[in-house]
Amino acid sequence: MGVEAHATNERVTGRRWTVRLDPVGRGRADVRVSCSRPACAAQLLPSAAAGRTAAIAHLKAHLRAGPAPRSSVQCACRAEECHTHIRPAGPRERPVPWRCGGAVVLAVITDREGRWWQVLECCSRCAAAHPTAKVVATAQAAEAPARGDGFRADAPTPGGPAATTPTFSAISPHFSHSATAAATGTAVPQQASGPRSFAPRSARPTRKRPPRGRIAQRLVPHDLRPVALRDELTELGELFRAYQARTEPDLAVLADLHARKAEAFNAWAEVTADTGLRLDAQRAEQAAATARLQHLHRIGQAPDGEGPAVARLLTAPAQWNHARAVLAHVAENAPLPGAEARLLVLMVTLRTAQSGVGNLVGQDIKGLPLQDPEHLVGQLVESGWLGISGTVEELIASRPESPTRISVPSLTPDEDDPGPFTFGRKLRPKLSGWAQRVVGEKKLRKGKTGADVRLLALALATGAEGEGRLGPGGEGIGLDGLSSWCSVDPADLPDLVDRLTAADWLAEADVTGTLLTGRLTERVLPLGCPLT
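Definitions and limits used
Residues numbered from 1 in each chain as written. Predicted model: local features only at pLDDT ≥ 70, side-chain atom pairs only at ≥ 80, totals over all residues. Heavy atoms only, no water. Helix = DSSP H or I, 4+ residues; strand = E, 2+ residues; numbered from the N terminus. Buried < 20%, exposed > 50% of the residue type's maximum accessible area, 1.4 Å probe, protein only. Pairing = 2+ DSSP bridges. Phe/Tyr/Trp six-rings, centres within 6.5 Å; stacked < 30°, edge-to-face > 60°. Lys NZ or Arg CZ within 6 Å of the ring centre and 35° of its normal. pLDDT = per-residue confidence, 0-100. Contact = heavy atoms within 4.5 Å. Patch = residues over 30% accessible without salt bridge, like charges linked within 9 Å, V, L, I, M, F, W, Y side chains within 5 Å. Areas by Shrake-Rupley, 256 points an atom, 1.4 Å probe, with all protein chains shown as cover. Salt bridge = Lys/Arg side-chain N within 4 Å of Asp/Glu carboxyl O. Lys, Arg positive; Asp, Glu negative; His and termini not counted. Charge placed at Lys NZ, Arg CZ, Asp CG, Glu CD. Core = buried A, V, L, I, M, F, W, Y, C linked by side-chain atoms within 4.5 Å.

Visitor: Break down unusual backbone geometry for me, citing the residues and quoting the values.
Guide: Along the chain, Arg225 connects to Pro226 via a cis peptide bond; the corresponding omega equals 5 degrees. Located in the positive-phi region is Gln217, a residue other than glycine, with phi close to 60 degrees. One can find Gln217 in the loop between strand E9 (214-215) and strand E10 (218-219). Although it is not a glycine, Asp504 adopts a positive phi angle of roughly 60 degrees. Counting through the fold element by element, Asp504 comes out in the loop between helix H18 (493-502) and strand E15 (506-511).

This is how it looks when you write it as C-alpha coordinates:
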(Lines give C-alpha, C1' and ligand atoms only; values in the text may rest on other atoms or scores of the structure.)
Protein backbone atom coordinates (compact mmCIF):
# COMPACT_ATOMS: atom_id res chain seq x y z
CA MET A 1 0.00 0.00 0.00
CA GLY A 2 2.86 2.40 0.88
CA VAL A 3 4.63 1.71 -2.42
CA GLU A 4 1.48 2.39 -4.40
CA ALA A 5 0.80 5.68 -2.62
CA HIS A 6 4.38 6.77 -3.19
CA ALA A 7 4.10 6.11 -6.92
CA THR A 8 0.89 8.12 -7.04
CA ASN A 9 2.54 11.16 -5.44
CA GLU A 10 5.49 11.19 -7.86
CA ARG A 11 4.78 13.66 -10.63
CA VAL A 12 6.59 14.51 -13.80
CA THR A 13 7.89 18.08 -14.06
CA GLY A 14 6.24 20.11 -16.80
CA ARG A 15 8.01 20.61 -20.11
CA ARG A 16 10.14 23.69 -20.65
CA TRP A 17 12.24 24.78 -23.61
CA THR A 18 13.57 27.99 -25.11
CA VAL A 19 14.16 29.27 -28.64
CA ARG A 20 16.82 32.01 -28.75
CA LEU A 21 18.01 34.58 -31.27
CA ASP A 22 21.67 35.55 -30.72
CA PRO A 23 24.26 37.55 -32.70
CA VAL A 24 26.94 35.43 -34.37
CA GLY A 25 29.85 37.74 -33.73
CA ARG A 26 31.01 41.28 -33.27
CA GLY A 27 30.30 43.53 -36.23
CA ARG A 28 28.33 40.87 -38.12
CA ALA A 29 24.72 41.13 -39.27
CA ASP A 30 23.92 37.39 -39.31
CA VAL A 31 22.28 35.76 -36.30
CA ARG A 32 21.97 32.29 -34.80
CA VAL A 33 18.63 30.65 -33.95
CA SER A 34 18.97 27.90 -31.35
CA CYS A 35 16.51 25.67 -29.50
CA SER A 36 17.16 24.09 -26.10
CA ARG A 37 15.56 20.81 -27.16
CA PRO A 38 18.36 18.31 -27.83
CA ALA A 39 17.14 17.20 -31.26
CA CYS A 40 17.17 20.71 -32.73
CA ALA A 41 20.28 22.01 -34.49
CA ALA A 42 21.15 25.71 -34.59
CA GLN A 43 20.44 27.74 -37.72
CA LEU A 44 22.38 30.70 -39.16
CA LEU A 45 20.30 33.46 -40.78
CA PRO A 46 21.55 36.52 -42.68
CA SER A 47 19.67 39.14 -40.64
CA ALA A 48 17.81 39.63 -37.37
CA ALA A 49 14.48 39.93 -39.20
CA ALA A 50 14.99 36.61 -40.98
CA GLY A 51 16.18 35.04 -37.74
CA ARG A 52 13.10 36.22 -35.85
CA THR A 53 10.83 34.80 -38.55
CA ALA A 54 12.66 31.45 -38.46
CA ALA A 55 12.56 31.35 -34.64
CA ILE A 56 8.80 31.94 -34.54
CA ALA A 57 8.21 29.33 -37.25
CA HIS A 58 10.37 26.82 -35.34
CA LEU A 59 8.43 27.49 -32.14
CA LYS A 60 5.06 27.08 -33.88
CA ALA A 61 6.20 23.79 -35.40
CA HIS A 62 7.01 22.49 -31.92
CA LEU A 63 3.63 23.61 -30.60
CA ARG A 64 1.76 21.95 -33.48
CA ALA A 65 3.69 18.69 -33.26
CA GLY A 66 3.97 18.43 -29.48
CA PRO A 67 1.41 16.87 -27.12
CA ALA A 68 -1.18 18.91 -25.30
CA PRO A 69 -0.52 20.02 -21.68
CA ARG A 70 -1.05 17.30 -19.10
CA SER A 71 -3.30 17.95 -16.13
CA SER A 72 -1.21 15.86 -13.73
CA VAL A 73 2.28 17.30 -14.28
CA GLN A 74 4.21 19.35 -11.77
CA CYS A 75 4.27 23.04 -12.66
CA ALA A 76 7.54 23.85 -14.40
CA CYS A 77 7.55 27.31 -12.85
CA ARG A 78 6.94 26.02 -9.32
CA ALA A 79 9.53 23.28 -9.80
CA GLU A 80 12.27 25.93 -9.70
CA GLU A 81 10.75 27.69 -6.66
CA CYS A 82 9.51 30.62 -8.70
CA HIS A 83 8.47 33.57 -6.55
CA THR A 84 6.51 35.46 -9.20
CA HIS A 85 3.42 33.28 -9.24
CA ILE A 86 0.17 34.66 -7.87
CA ARG A 87 -0.34 33.68 -4.30
CA PRO A 88 -3.60 31.96 -3.20
CA ALA A 89 -6.52 34.32 -2.87
CA GLY A 90 -7.66 33.04 0.53
CA PRO A 91 -7.24 30.40 3.22
CA ARG A 92 -9.68 28.07 1.45
CA GLU A 93 -7.66 28.13 -1.77
CA ARG A 94 -4.38 26.69 -0.60
CA PRO A 95 -2.26 25.34 -3.48
CA VAL A 96 -1.19 21.75 -3.58
CA PRO A 97 2.59 21.21 -3.21
CA TRP A 98 3.09 20.60 -6.92
CA ARG A 99 0.99 23.43 -8.33
CA CYS A 100 0.53 27.15 -7.68
CA GLY A 101 -3.10 27.12 -8.77
CA GLY A 102 -5.43 26.82 -11.72
CA ALA A 103 -5.40 24.44 -14.64
CA VAL A 104 -2.18 23.32 -16.30
CA VAL A 105 -1.54 25.31 -19.47
CA LEU A 106 1.05 25.55 -22.21
CA ALA A 107 2.25 29.18 -22.14
CA VAL A 108 4.69 31.06 -24.37
CA ILE A 109 6.73 33.81 -22.67
CA THR A 110 8.87 36.25 -24.64
CA ASP A 111 10.93 39.35 -23.97
CA ARG A 112 9.94 42.78 -25.27
CA GLU A 113 12.85 42.92 -27.72
CA GLY A 114 12.01 39.59 -29.36
CA ARG A 115 15.29 37.85 -28.54
CA TRP A 116 13.95 34.66 -26.92
CA TRP A 117 10.75 32.66 -26.63
CA GLN A 118 10.16 30.19 -23.78
CA VAL A 119 7.46 27.52 -23.63
CA LEU A 120 6.29 26.44 -20.16
CA GLU A 121 3.95 23.67 -19.11
CA CYS A 122 2.80 25.39 -15.97
CA CYS A 123 -0.20 26.43 -13.94
CA SER A 124 -2.50 29.20 -15.09
CA ARG A 125 -1.60 31.29 -12.04
CA CYS A 126 2.09 31.14 -12.95
CA ALA A 127 1.31 32.06 -16.54
CA ALA A 128 -0.79 35.02 -15.39
CA ALA A 129 2.16 36.31 -13.33
CA HIS A 130 4.20 36.91 -16.50
CA PRO A 131 3.04 40.05 -18.37
CA THR A 132 4.13 38.70 -21.78
CA ALA A 133 2.75 35.17 -21.38
CA LYS A 134 0.29 33.83 -23.98
CA VAL A 135 -1.62 30.65 -23.23
CA VAL A 136 -1.77 28.44 -26.32
CA ALA A 137 -3.42 25.34 -24.82
CA THR A 138 -5.11 24.26 -21.60
CA ALA A 139 -5.11 20.76 -20.13
CA GLN A 140 -8.41 18.91 -20.00
CA ALA A 141 -9.78 18.02 -16.60
CA ALA A 142 -8.82 14.54 -15.41
CA GLU A 143 -11.53 11.90 -15.88
CA ALA A 144 -13.36 10.63 -12.82
CA PRO A 145 -12.03 7.29 -11.46
CA ALA A 146 -13.87 4.12 -12.40
CA ARG A 147 -15.85 2.14 -9.81
CA GLY A 148 -14.84 -1.30 -8.75
CA ASP A 149 -17.90 -2.94 -10.41
CA GLY A 150 -16.70 -1.93 -13.91
CA PHE A 151 -19.05 1.04 -14.35
CA ARG A 152 -17.82 4.64 -14.67
CA ALA A 153 -18.73 6.68 -11.65
CA ASP A 154 -20.25 9.39 -13.83
CA ALA A 155 -22.26 6.94 -15.98
CA PRO A 156 -26.04 6.58 -15.42
CA THR A 157 -26.97 3.79 -13.04
CA PRO A 158 -29.54 1.33 -14.43
CA GLY A 159 -32.97 1.92 -13.01
CA GLY A 160 -32.48 5.53 -11.90
CA PRO A 161 -30.98 8.91 -12.73
CA ALA A 162 -27.26 9.57 -12.95
CA ALA A 163 -25.51 9.73 -9.60
CA THR A 164 -23.10 12.52 -8.90
CA THR A 165 -19.59 11.54 -7.86
CA PRO A 166 -17.36 13.54 -5.51
CA THR A 167 -13.96 14.64 -6.80
CA PHE A 168 -11.14 12.68 -5.20
CA SER A 169 -7.83 14.31 -4.30
CA ALA A 170 -4.81 13.45 -6.40
CA ILE A 171 -2.56 13.61 -3.33
CA SER A 172 -4.25 11.66 -0.55
CA PRO A 173 -7.22 9.25 -0.14
CA HIS A 174 -10.68 10.75 0.20
CA PHE A 175 -12.67 10.03 3.37
CA SER A 176 -16.31 10.84 4.04
CA HIS A 177 -18.30 10.83 7.26
CA SER A 178 -21.13 8.92 5.61
CA ALA A 179 -21.59 6.72 2.55
CA THR A 180 -24.41 7.28 0.09
CA ALA A 181 -26.31 4.54 -1.60
CA ALA A 182 -24.82 5.48 -4.94
CA ALA A 183 -21.29 5.17 -3.55
CA THR A 184 -21.83 1.78 -1.85
CA GLY A 185 -24.09 0.26 -4.50
CA THR A 186 -26.82 -0.58 -1.92
CA ALA A 187 -30.38 -0.63 -3.24
CA VAL A 188 -33.11 0.92 -1.11
CA PRO A 189 -36.82 0.27 -1.53
CA GLN A 190 -39.08 2.85 -3.16
CA GLN A 191 -42.84 2.92 -2.82
CA ALA A 192 -44.62 2.30 -6.13
CA SER A 193 -48.22 1.80 -7.18
CA GLY A 194 -47.52 -1.72 -8.47
CA PRO A 195 -45.49 -4.52 -6.96
CA ARG A 196 -42.72 -3.51 -4.63
CA SER A 197 -39.58 -2.62 -6.59
CA PHE A 198 -36.08 -1.57 -5.70
CA ALA A 199 -34.12 1.26 -7.36
CA PRO A 200 -30.99 3.16 -6.41
CA ARG A 201 -31.59 6.44 -4.59
CA SER A 202 -30.28 9.39 -6.55
CA ALA A 203 -27.72 11.55 -4.83
CA ARG A 204 -28.79 14.84 -3.34
CA PRO A 205 -28.04 17.63 -5.87
CA THR A 206 -25.11 19.81 -4.90
CA ARG A 207 -25.88 23.45 -4.32
CA LYS A 208 -23.48 25.49 -6.45
CA ARG A 209 -22.41 28.91 -5.35
CA PRO A 210 -21.74 31.54 -7.97
CA PRO A 211 -18.04 31.98 -8.75
CA ARG A 212 -16.29 34.46 -6.48
CA GLY A 213 -14.75 37.47 -8.13
CA ARG A 214 -11.30 38.76 -7.31
CA ILE A 215 -9.74 42.17 -7.77
CA ALA A 216 -6.41 43.52 -6.49
CA GLN A 217 -5.78 40.32 -4.47
CA ARG A 218 -9.14 40.78 -2.72
CA LEU A 219 -12.05 38.34 -2.89
CA VAL A 220 -15.44 39.84 -3.65
CA PRO A 221 -17.90 38.46 -1.02
CA HIS A 222 -20.87 36.43 -2.25
CA ASP A 223 -23.23 38.36 -0.02
CA LEU A 224 -21.99 41.84 -0.95
CA ARG A 225 -24.88 44.19 -1.56
CA PRO A 226 -25.93 45.89 -3.69
CA VAL A 227 -25.59 43.19 -6.31
CA ALA A 228 -24.61 45.76 -8.94
CA LEU A 229 -21.52 46.65 -6.87
CA ARG A 230 -20.55 42.99 -6.55
CA ASP A 231 -20.92 42.49 -10.30
CA GLU A 232 -18.91 45.64 -11.04
CA LEU A 233 -16.00 44.51 -8.84
CA THR A 234 -16.03 41.05 -10.40
CA GLU A 235 -16.06 42.47 -13.93
CA LEU A 236 -13.26 44.92 -13.11
CA GLY A 237 -11.06 42.10 -11.83
CA GLU A 238 -11.56 40.23 -15.11
CA LEU A 239 -10.84 43.37 -17.15
CA PHE A 240 -7.60 44.07 -15.27
CA ARG A 241 -6.41 40.50 -15.83
CA ALA A 242 -7.28 40.77 -19.52
CA TYR A 243 -5.34 44.04 -19.74
CA GLN A 244 -2.28 42.40 -18.20
CA ALA A 245 -2.40 39.77 -20.95
CA ARG A 246 -2.23 42.40 -23.71
CA THR A 247 0.89 42.53 -25.85
CA GLU A 248 0.84 46.34 -26.13
CA PRO A 249 -0.20 48.87 -23.46
CA ASP A 250 -3.14 51.24 -23.93
CA LEU A 251 -2.89 53.98 -21.32
CA ALA A 252 -6.35 55.38 -22.10
CA VAL A 253 -7.95 52.01 -21.33
CA LEU A 254 -5.81 51.62 -18.21
CA ALA A 255 -6.81 55.07 -16.94
CA ASP A 256 -10.51 54.23 -17.37
CA LEU A 257 -10.06 50.95 -15.50
CA HIS A 258 -8.35 52.69 -12.57
CA ALA A 259 -11.07 55.35 -12.49
CA ARG A 260 -13.79 52.67 -12.35
CA LYS A 261 -11.83 50.84 -9.66
CA ALA A 262 -11.58 54.00 -7.55
CA GLU A 263 -15.33 54.59 -7.78
CA ALA A 264 -16.15 50.94 -7.00
CA PHE A 265 -13.73 50.76 -4.05
CA ASN A 266 -15.17 53.97 -2.59
CA ALA A 267 -18.65 52.42 -2.75
CA TRP A 268 -17.31 49.18 -1.24
CA ALA A 269 -15.70 51.15 1.60
CA GLU A 270 -19.00 52.91 2.32
CA VAL A 271 -20.78 49.56 2.60
CA THR A 272 -18.16 47.85 4.79
CA ALA A 273 -16.55 50.85 6.58
CA ASP A 274 -13.13 49.43 5.63
CA THR A 275 -10.33 52.02 5.79
CA GLY A 276 -8.06 49.85 3.64
CA LEU A 277 -10.58 50.01 0.79
CA ARG A 278 -10.64 53.82 1.00
CA LEU A 279 -6.85 53.92 0.75
CA ASP A 280 -6.96 51.56 -2.25
CA ALA A 281 -9.53 53.86 -3.86
CA GLN A 282 -7.22 56.86 -3.39
CA ARG A 283 -4.32 54.97 -4.93
CA ALA A 284 -6.52 53.99 -7.87
CA GLU A 285 -7.46 57.66 -8.41
CA GLN A 286 -3.77 58.61 -8.47
CA ALA A 287 -2.99 55.77 -10.88
CA ALA A 288 -5.83 56.90 -13.17
CA ALA A 289 -4.55 60.49 -13.22
CA THR A 290 -0.98 59.36 -13.95
CA ALA A 291 -2.00 56.99 -16.74
CA ARG A 292 -4.24 59.64 -18.31
CA LEU A 293 -1.47 62.25 -18.21
CA GLN A 294 1.00 59.83 -19.80
CA HIS A 295 -1.54 59.05 -22.51
CA LEU A 296 -2.02 62.75 -23.26
CA HIS A 297 1.75 63.23 -23.49
CA ARG A 298 1.96 60.38 -25.97
CA ILE A 299 -0.75 61.73 -28.27
CA GLY A 300 0.45 65.35 -27.98
CA GLN A 301 -2.52 66.82 -26.12
CA ALA A 302 -2.65 68.98 -23.02
CA PRO A 303 -4.40 67.92 -19.81
CA ASP A 304 -7.85 69.29 -18.93
CA GLY A 305 -8.45 70.85 -22.32
CA GLU A 306 -5.72 73.48 -21.94
CA GLY A 307 -5.02 73.50 -25.66
CA PRO A 308 -2.43 71.66 -27.70
CA ALA A 309 0.52 70.30 -25.74
CA VAL A 310 4.13 70.59 -26.75
CA ALA A 311 4.94 68.43 -29.79
CA ARG A 312 8.13 66.94 -28.37
CA LEU A 313 10.83 65.27 -30.39
CA LEU A 314 10.87 62.41 -27.87
CA THR A 315 7.26 61.68 -27.01
CA ALA A 316 7.13 59.03 -24.27
CA PRO A 317 8.37 58.97 -20.64
CA ALA A 318 10.35 55.79 -21.37
CA GLN A 319 12.27 57.62 -24.11
CA TRP A 320 13.02 60.52 -21.75
CA ASN A 321 14.36 58.14 -19.12
CA HIS A 322 16.58 56.40 -21.69
CA ALA A 323 18.01 59.77 -22.75
CA ARG A 324 18.90 60.54 -19.13
CA ALA A 325 20.44 57.07 -18.78
CA VAL A 326 22.76 57.70 -21.74
CA LEU A 327 23.90 61.05 -20.31
CA ALA A 328 24.59 59.46 -16.93
CA HIS A 329 26.55 56.60 -18.52
CA VAL A 330 28.75 59.01 -20.50
CA ALA A 331 29.39 61.14 -17.39
CA GLU A 332 30.62 58.08 -15.47
CA ASN A 333 32.59 56.37 -18.28
CA ALA A 334 34.10 59.14 -20.43
CA PRO A 335 37.73 58.06 -21.12
CA LEU A 336 39.13 61.61 -21.48
CA PRO A 337 38.62 64.80 -19.44
CA GLY A 338 37.29 68.06 -20.81
CA ALA A 339 34.00 69.30 -22.26
CA GLU A 340 34.99 68.69 -25.90
CA ALA A 341 35.94 65.05 -25.22
CA ARG A 342 32.70 64.58 -23.24
CA LEU A 343 30.59 65.90 -26.12
CA LEU A 344 32.33 63.73 -28.73
CA VAL A 345 32.05 60.63 -26.54
CA LEU A 346 28.32 61.28 -26.12
CA MET A 347 27.66 61.56 -29.86
CA VAL A 348 29.71 58.43 -30.64
CA THR A 349 27.96 56.52 -27.83
CA LEU A 350 24.57 57.33 -29.32
CA ARG A 351 25.74 56.08 -32.73
CA THR A 352 26.90 52.70 -31.29
CA ALA A 353 24.67 52.25 -28.23
CA GLN A 354 22.73 49.20 -29.42
CA SER A 355 25.39 46.85 -30.84
CA GLY A 356 28.70 48.59 -30.12
CA VAL A 357 29.25 49.32 -33.84
CA GLY A 358 28.06 52.05 -36.19
CA ASN A 359 28.92 54.42 -39.04
CA LEU A 360 30.43 57.89 -38.85
CA VAL A 361 31.31 60.52 -41.45
CA GLY A 362 33.57 63.52 -41.28
CA GLN A 363 30.70 66.02 -41.11
CA ASP A 364 29.38 64.35 -37.92
CA ILE A 365 32.63 65.33 -36.18
CA LYS A 366 33.36 68.62 -37.94
CA GLY A 367 29.85 69.83 -37.10
CA LEU A 368 30.68 69.74 -33.38
CA PRO A 369 32.34 72.72 -31.65
CA LEU A 370 35.79 71.04 -31.38
CA GLN A 371 39.03 73.00 -31.72
CA ASP A 372 41.14 70.06 -32.96
CA PRO A 373 38.78 67.17 -33.85
CA GLU A 374 41.48 65.08 -35.54
CA HIS A 375 43.69 65.13 -32.44
CA LEU A 376 40.74 64.35 -30.15
CA VAL A 377 39.64 61.35 -32.26
CA GLY A 378 43.23 60.11 -32.24
CA GLN A 379 43.29 60.27 -28.43
CA LEU A 380 40.10 58.20 -28.19
CA VAL A 381 41.60 55.60 -30.54
CA GLU A 382 44.88 55.47 -28.60
CA SER A 383 43.03 55.01 -25.31
CA GLY A 384 41.32 51.90 -26.72
CA TRP A 385 37.82 53.29 -26.17
CA LEU A 386 37.18 53.81 -29.92
CA GLY A 387 38.03 51.59 -32.86
CA ILE A 388 37.90 52.73 -36.51
CA SER A 389 38.23 50.76 -39.73
CA GLY A 390 40.81 53.12 -41.26
CA THR A 391 42.95 56.04 -40.19
CA VAL A 392 41.83 59.17 -38.37
CA GLU A 393 42.49 61.26 -41.50
CA GLU A 394 40.26 58.95 -43.56
CA LEU A 395 37.49 59.27 -40.96
CA ILE A 396 37.63 63.08 -41.00
CA ALA A 397 37.57 63.07 -44.83
CA SER A 398 34.81 60.43 -45.22
CA ARG A 399 31.54 61.42 -46.89
CA PRO A 400 27.97 60.09 -46.50
CA GLU A 401 28.29 57.80 -49.52
CA SER A 402 31.31 56.05 -47.95
CA PRO A 403 31.01 56.24 -44.14
CA THR A 404 33.67 54.90 -41.77
CA ARG A 405 32.86 51.87 -39.64
CA ILE A 406 33.50 52.51 -35.95
CA SER A 407 33.21 50.35 -32.82
CA VAL A 408 33.17 50.91 -29.07
CA PRO A 409 34.25 47.69 -27.29
CA SER A 410 32.73 48.71 -23.94
CA LEU A 411 29.28 48.91 -25.58
CA THR A 412 29.48 45.64 -27.52
CA PRO A 413 27.13 43.05 -25.95
CA ASP A 414 28.09 39.41 -25.44
CA GLU A 415 26.66 36.35 -23.71
CA ASP A 416 27.76 37.51 -20.24
CA ASP A 417 27.14 41.26 -20.62
CA PRO A 418 24.13 42.53 -22.63
CA GLY A 419 25.47 46.10 -22.48
CA PRO A 420 24.60 49.17 -20.38
CA PHE A 421 21.42 50.14 -22.27
CA THR A 422 18.06 48.39 -22.48
CA PHE A 423 16.33 50.28 -25.30
CA GLY A 424 15.72 48.69 -28.69
CA ARG A 425 17.17 49.32 -32.11
CA LYS A 426 14.30 51.57 -33.19
CA LEU A 427 14.83 53.99 -30.32
CA ARG A 428 18.61 54.41 -30.79
CA PRO A 429 18.36 56.63 -33.92
CA LYS A 430 15.63 58.68 -32.21
CA LEU A 431 17.91 59.38 -29.25
CA SER A 432 20.83 60.17 -31.55
CA GLY A 433 18.67 62.54 -33.63
CA TRP A 434 17.40 64.25 -30.47
CA ALA A 435 20.95 64.89 -29.20
CA GLN A 436 22.02 66.25 -32.59
CA ARG A 437 19.02 68.62 -32.63
CA VAL A 438 19.92 69.95 -29.18
CA VAL A 439 23.67 70.27 -29.83
CA GLY A 440 23.18 71.76 -33.29
CA GLU A 441 20.27 74.05 -32.38
CA LYS A 442 20.23 77.13 -34.65
CA LYS A 443 20.87 79.87 -32.08
CA LEU A 444 23.56 77.82 -30.34
CA ARG A 445 25.37 77.51 -33.66
CA LYS A 446 24.95 81.17 -34.57
CA GLY A 447 26.24 82.20 -31.17
CA LYS A 448 29.31 80.00 -31.72
CA THR A 449 28.87 78.45 -28.30
CA GLY A 450 31.42 75.93 -27.11
CA ALA A 451 31.07 72.31 -26.10
CA ASP A 452 30.49 73.26 -22.44
CA VAL A 453 27.45 75.40 -23.32
CA ARG A 454 25.99 72.63 -25.50
CA LEU A 455 26.50 70.08 -22.71
CA LEU A 456 24.67 72.40 -20.32
CA ALA A 457 21.82 72.67 -22.84
CA LEU A 458 21.55 68.87 -22.89
CA ALA A 459 21.54 68.70 -19.10
CA LEU A 460 18.79 71.32 -18.78
CA ALA A 461 16.71 69.69 -21.53
CA THR A 462 16.60 66.47 -19.46
CA GLY A 463 16.33 68.20 -16.06
CA ALA A 464 13.17 70.31 -16.45
CA GLU A 465 9.50 69.61 -15.82
CA GLY A 466 6.82 69.52 -18.50
CA GLU A 467 6.22 73.29 -18.29
CA GLY A 468 9.97 73.98 -18.46
CA ARG A 469 10.71 74.69 -14.78
CA LEU A 470 14.17 73.45 -13.86
CA GLY A 471 14.56 70.61 -11.38
CA PRO A 472 12.03 68.37 -9.60
CA GLY A 473 9.05 70.46 -8.59
CA GLY A 474 10.64 73.46 -10.30
CA GLU A 475 12.98 73.92 -7.32
CA GLY A 476 16.19 74.05 -9.39
CA ILE A 477 19.17 71.88 -10.32
CA GLY A 478 22.29 71.44 -8.20
CA LEU A 479 25.39 73.25 -9.44
CA ASP A 480 27.72 70.40 -8.50
CA GLY A 481 25.93 67.96 -10.83
CA LEU A 482 25.89 70.50 -13.68
CA SER A 483 29.58 71.35 -13.37
CA SER A 484 30.47 67.65 -13.26
CA TRP A 485 28.44 66.90 -16.39
CA CYS A 486 29.75 69.92 -18.32
CA SER A 487 33.30 69.13 -17.12
CA VAL A 488 33.84 72.75 -16.00
CA ASP A 489 34.58 74.52 -12.75
CA PRO A 490 31.47 75.57 -10.75
CA ALA A 491 32.67 79.18 -10.91
CA ASP A 492 32.32 79.07 -14.73
CA LEU A 493 28.65 78.06 -14.66
CA PRO A 494 27.19 81.61 -14.38
CA ASP A 495 28.90 82.55 -17.66
CA LEU A 496 27.49 79.43 -19.38
CA VAL A 497 24.02 80.26 -18.04
CA ASP A 498 24.31 83.82 -19.43
CA ARG A 499 25.22 82.44 -22.85
CA LEU A 500 22.17 80.12 -22.83
CA THR A 501 19.99 83.04 -21.76
CA ALA A 502 21.35 85.12 -24.64
CA ALA A 503 20.57 82.22 -27.02
CA ASP A 504 16.93 82.29 -25.83
CA TRP A 505 17.26 78.90 -24.12
CA LEU A 506 16.69 80.05 -20.55
CA ALA A 507 14.41 82.59 -18.92
CA GLU A 508 14.24 83.84 -15.33
CA ALA A 509 17.58 82.13 -14.70
CA ASP A 510 19.17 82.64 -11.28
CA VAL A 511 22.39 81.06 -10.00
CA THR A 512 22.50 80.87 -6.21
CA GLY A 513 25.11 79.28 -3.99
CA THR A 514 24.07 75.70 -4.78
CA LEU A 515 21.20 75.82 -7.31
CA LEU A 516 20.31 76.98 -10.77
CA THR A 517 16.66 78.00 -11.01
CA GLY A 518 14.61 79.24 -13.93
CA ARG A 519 12.79 77.72 -16.86
CA LEU A 520 13.30 76.67 -20.46
CA THR A 521 11.82 79.03 -23.01
CA GLU A 522 8.81 77.90 -25.01
CA ARG A 523 10.99 77.87 -28.12
CA VAL A 524 13.05 74.90 -26.89
CA LEU A 525 10.35 72.99 -24.99
CA PRO A 526 9.94 70.50 -27.90
CA LEU A 527 13.53 69.40 -27.27
CA GLY A 528 12.91 68.72 -23.59
CA CYS A 529 12.63 65.39 -21.78
CA PRO A 530 10.29 66.25 -18.86
CA LEU A 531 10.85 64.85 -15.40
CA THR A 532 8.05 62.41 -14.49
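Visitor: Explain the pairing of strand E4 (residues 104-110) to me, and be specific about the residues and the numbers.
Guide: With six of its seven residues buried, E4 lies for the most part within the structure. What sits between the antiparallel neighbours E4 and strand E5 (residues 116-123) is a turn of five residues, in which Gly114 has the positive phi angle 70 degrees. Looking at chain direction, E4 and strand E6 (residues 134-138) are connected through four bridges and run antiparallel. Counterpart to Val108 in the pairing with E6 is Lys134.

Visitor: Pulling in residues and values, what's your account of the packing of aromatic side chains?
Guide: Evaluated as defined, the whole model comprises two aromatic pairs. Considering the side-chain rings of Phe265 and Trp268, the 5.6 Å spacing of their centres and the 80 degrees angle between planes classify their relative orientation as edge-to-face. With Phe265 and Trp268 both in helix H7 (residues 251-272) and three residues apart, the pair spans about one turn of that helix. Of the residues examined, Phe265 reaches a relative accessible area of 0% and is grouped as buried. With a relative accessible area of 5%, Trp268 lands in the buried category. Its end group placed over the ring of Phe240, Lys261 keeps NZ or CZ at 5.8 Å from the ring centre. Lying over the aromatic face of Phe265, Lys261 brings its terminal NZ or CZ to 5.4 Å of the ring centre.

Visitor: Go over the confidence of the model for the chain with me, naming the residues and quoting the values.
Guide: In this model, the chain carries an average pLDDT of 79, and 77% of its residues clear a pLDDT of 70 or more. Looking across the chain, the model is least confident in helix H5 (residues 181-184), with a mean pLDDT of 38, and most confident in helix H16 (residues 451-461), with 94. Low pLDDT (under 50) marks residues 1-9, which in the prediction has three contacts with non-local residues, meaning those over four places away or in another chain. Per-residue pLDDT stays below 50 along residues 143-203; that stretch engages in 41 contacts with residues further than four places along the chain or on separate chains.

Visitor: For a negative patch on the surface, give the residues involved together with the corresponding values.
Guide: Residues Asp372, Glu374, Glu393 and Glu394 make up a contiguous surface patch of negative charge. Considering the arrangement of structural elements, one finds Glu393 in helix H13 (residues 392-397). Judged by relative accessible area, Glu393 falls into the partly exposed class, the value being 48%.

Visitor: With reference to specific residues and values, describe the nonpolar core.
Guide: Nonpolar side chains tend toward joint burial in soluble globular proteins. With 72 residues, the main nonpolar core has Leu460 and Trp505 as its most contacted residues. In this structure Trp505 touches Val438, Glu441, Leu444, Ala457, Leu500, Arg519, Leu520, Thr521, Arg523, Val524 and Leu527, once residues within four positions along its chain are discounted.

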